[in-house]
Amino acid sequence: MAGDDDLDWLYRRERPKTAAERAGVERTRAFSPDEAEALARQPRSGGSRTGQSSAGQPSAGRSGDGGARSGSSADASRPVQPVPAPRPPADPGGGGRGGSGGSGPERQRRRRRRRPGRTLGVLVLLVVVAFLAYLVAVPLVAWSNVESVDDQPAGGRPADQPGRTYLLVGSDSREGLSKKDKKKLGTGDAEGQRTDTMMILYVPPDGEPALVSLPRDSYVSIPGHGMNKINAAYAFGGAKLLTETVEQATGLRMDHYVEIGFGGFVSIIDALDGIEMCLPDAIEDKNSHLDLEAGCQTLDGANALGYVRMRYADPEGDLGRVKRQRQMIGAVATKAASAESVLNPVRYWKLNHAVAGALTLGETTGLGDMPAMAKAMLALNSDDGLNLTVPIAGNISTPAGAALSWDEEGAKELFSTIADGSTEGLEKFAKDE
């Protein structure tokens, strides 16, 4: 009798799988959750006598022996262990809080996403930090090359008064100027150095600052040189002798020394793109190379220098000149501290380098002393300070030529008040600008 295998072949029917084969298929088959639940609910007893499979479906063979053999197999009583369905892929959108939120490259890409507002805020912060660093770095670089001079007198000096005193000096040195520059600026070809401008800026502990002009033709005693015009002290002994002369004449101790020359003054004005001045009358002065119309106008460096130096065309002479000098200094300080000068990187760079290249500082004066000086200048230009001139008794004739004599009583009162650390009551020494 032919075996079952031969009969299966003869009738071309599918040979029933052996128990081992069925077990192997069931181990590898992936059931859906519904199929797995149905299989789990089936009884654990053997197969049906009616020839049905464990899944409740008729067997693939005939209803005869093949089906009976399949249904009576010992393997059919073996419980089926469903294989869990494959885990669904992670939600590329990130899922809810309870999910893993993705993994691998997807998670990394999500982490790299930034909101546009946050990115813009970071960029703004970086720009602000960089700009603040620029504001600090430019003065440090520019002022690292500023020139210094020995201004400290030897021997006895006045006692140190409260507050700070700055001796501001405008030198008429032609050093660094070419013949073309001298002709353009109308400086002449005088050799050596003199002082066109001398002022004492006093910043008290409390109260208004005061700027006191010392006319260059003031007739005073110069240590070691007798009586002479005060500007001769600089020609005789430079910054040190000038400081000593001013200290002896005023009884005030000079804490700081700041000097600027012709060329430096012009470069500062040009770095600011000129200074606006309102002229009550037209000015035509060949000595200062000036030809200006009346009214408000912007003066470039050359015209500004001529304006503050002019005295022959001024009815008040030297006294009129010190008024214009104070006016110009206040205007320069105000424009230099304006938002336009600070926020404009190009102007800020040019201005800092122009100022640093123009100034010569005393040994005890540094960059740290400039903010208090600038603040006082701004106050003076906004009428929150006192613009003064040392009291003058009148014009006198001297061996050094025509000069100005101080009012001794008035000068003593002015300087003794400052020596006490105050500017209160000094309004009477103010002159109409």
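What counts, and at which threshold
- Sequence order sets the numbering: in each chain, residues are counted from 1 along the sequence as written.
- Whole-chain, interface and lining totals are the exception, using all residues; otherwise, since this is a predicted model, local features are given only for residues with pLDDT of at least 70 and side-chain atom pairs are given and counted only at 80 or more.
- The side-chain quantities take in all heavy atoms of the structure and omit both hydrogens and water.
- Note on conventions: DSSP H or I runs of at least 4 residues are helices, E runs of at least 2 residues are strands, and numbering of each starts at the N terminus.
- Using a 1.4 Å probe on the protein chains alone, a residue whose accessible area is under 20% of its type maximum counts as buried, one over 50% counts as exposed, and one in between counts as partly exposed.
- The contact rule is simple, with two residues in contact once any of their heavy atoms fall within 4.5 Å.
- Using the Shrake-Rupley algorithm and a 1.4 Å probe, accessible areas are obtained, with residue cover drawn only from the displayed protein chains.
- The pairing criterion is simple: DSSP has to find at least two bridges between the two strands.
- Here a salt bridge means any side-chain nitrogen of Lys or Arg lying within 4 Å of a carboxyl oxygen belonging to Asp or Glu.
- Take the buried Ala, Val, Leu, Ile, Met, Phe, Trp, Tyr and Cys residues and link them wherever side-chain atoms come within 4.5 Å; each set so joined is a nonpolar core.
- Put simply, a patch holds well-exposed residues, over 30% relative accessible area, that have no salt bridge, with like charges counted together within 9 Å and Val, Leu, Ile, Met, Phe, Trp or Tyr side chains within 5 Å.
- Lys and Arg are tallied as positive, Asp and Glu as negative. Neither His nor the chain termini are counted.
- Note on charges: their place is set at NZ of Lys, CZ of Arg, CG of Asp or CD of Glu.
- Any N or O atom pair separated by 3.5 Å or less is treated as a polar contact, with the protein-specific requirement of one donor-capable and one acceptor-capable atom, and with residues adjacent in sequence counted only for side-chain atom pairs.
- One number per residue, pLDDT, summarises how confident the predictor is, and it ranges from 0 to 100.

Here's the deal with the overall build of the protein chain
Each helix and strand in the protein chain was counted, giving 15 helices and 15 strands. Within the protein chain, the fraction of its 433 residues that count as buried is 39%. The contacts in the protein chain between residues at least 6 apart in sequence include a share of 67% that link residues at least 24 apart. Per element, the accessible surface of the protein chain, about 24,600 Å² overall, is 53% carbon and sulfur.

Brief notes about the pairing of strand 14 (residues 392–398)
With six bridges joining them, strand 14 and strand 15 (residues 401–406) adopt antiparallel strand pairing. Residue pairing in the sheet places S397 in a bridge with A402 of strand 15. Connecting the antiparallel pair strand 14 and strand 15 is a turn made up of two residues.

Some remarks on helix 9 (residues 262–271)
Within helix 9, seven of the ten residues are buried, which leaves the element mostly enclosed by the surrounding structure. Three or more residues of helix 9 are buried, namely F262, G264, F265, V266, I268, I269 and A271. Two residues or fewer after helix 9 comes D273, characterised by a positive phi angle close to 60 degrees.

As for unusual backbone geometry
Phi is mostly negative for residues that are not glycine, and the peptide bonds are mostly trans. With a phi angle near 60 degrees, D273 is a residue other than glycine that sits in the positive phi range. Topologically, D273 is positioned in the loop between helix 9 and strand 8 (275–279). For D273, a relative accessible area of 48% puts it in the partly exposed group. The backbone of D383 shows a phi angle near 65 degrees, a positive value even though the residue is not glycine. Looking at where D383 falls in the secondary structure, it is placed in the loop between helix 14 (370–381) and strand 13 (386–389). In this structure D383 comes out as exposed when scored by relative accessible area, which is 65%.

Section: the pattern of salt bridges
The final tally for this structure, using the stated rule, is ten salt bridges. Put simply, E247 and R157 hold a salt bridge, and the shortest N to O gap is 2.6 Å. With a gap of 90 residues between them, E247 in helix 8 (residues 232–250) and R157 in the loop between strand 1 (147–149) and strand 2 (164–171) connect regions that are remote in the sequence. Relative accessible area serves as the criterion here: at 2%, E247 is assigned to the buried category. Across the salt bridge formed by R347 and D273, the nearest N and O atoms sit 2.7 Å from each other.

A look at the nonpolar core
Counting residues in each nonpolar core, the largest one holds 44 residues, and the members touching the most others are L168, L201, I268 and M328. The greatest single-element share of this core, amounting to six residues, is contributed by helix 9. In this structure M328 touches F265, I269, I275, M277, L299, A304, Y307 and V308, once residues within four positions along its chain are discounted.

Digging into a negative patch on the surface
Among the surface-exposed residues, E208, D383, D384, E424 and E427 lie close enough to one another that they form a single negatively charged patch. Residue placement: D384 occurs in the loop between helix 14 and strand 13.

Details of the environment of M227
Positionally, M227 belongs in strand 6 (residues 226–229). For the pair M227 and P399, spaced 172 residues apart in sequence, the C-alpha separation works out to 9.1 Å. Residues in contact with M227, not counting those within four places in the same chain, are Y219, V220 and S221.

Focus on the side chain of T398
Looking at where T398 falls in the secondary structure, it is placed in strand 14. Taking the relative accessible area as the measure of exposure, T398 reaches 11% and is therefore buried. A distance of 2.5 Å separates a polar atom in the side chain of T398 from the backbone oxygen of G401. In contact with T398, not counting residues within four places along its chain, are Y219 and A403.

Here's the deal with the confidence of the model for the protein chain
When pLDDT is averaged along the protein chain, the result is 78; 67% of the residues meet or exceed 70. Across residues 45–76, where pLDDT falls below 50, the model places 26 contacts with residues more than four positions away in sequence or in other chains. Residue range residues 93–100 is modelled with pLDDT below 50. Its contacts to residues more than four positions away, or to other chains, number four contacts.

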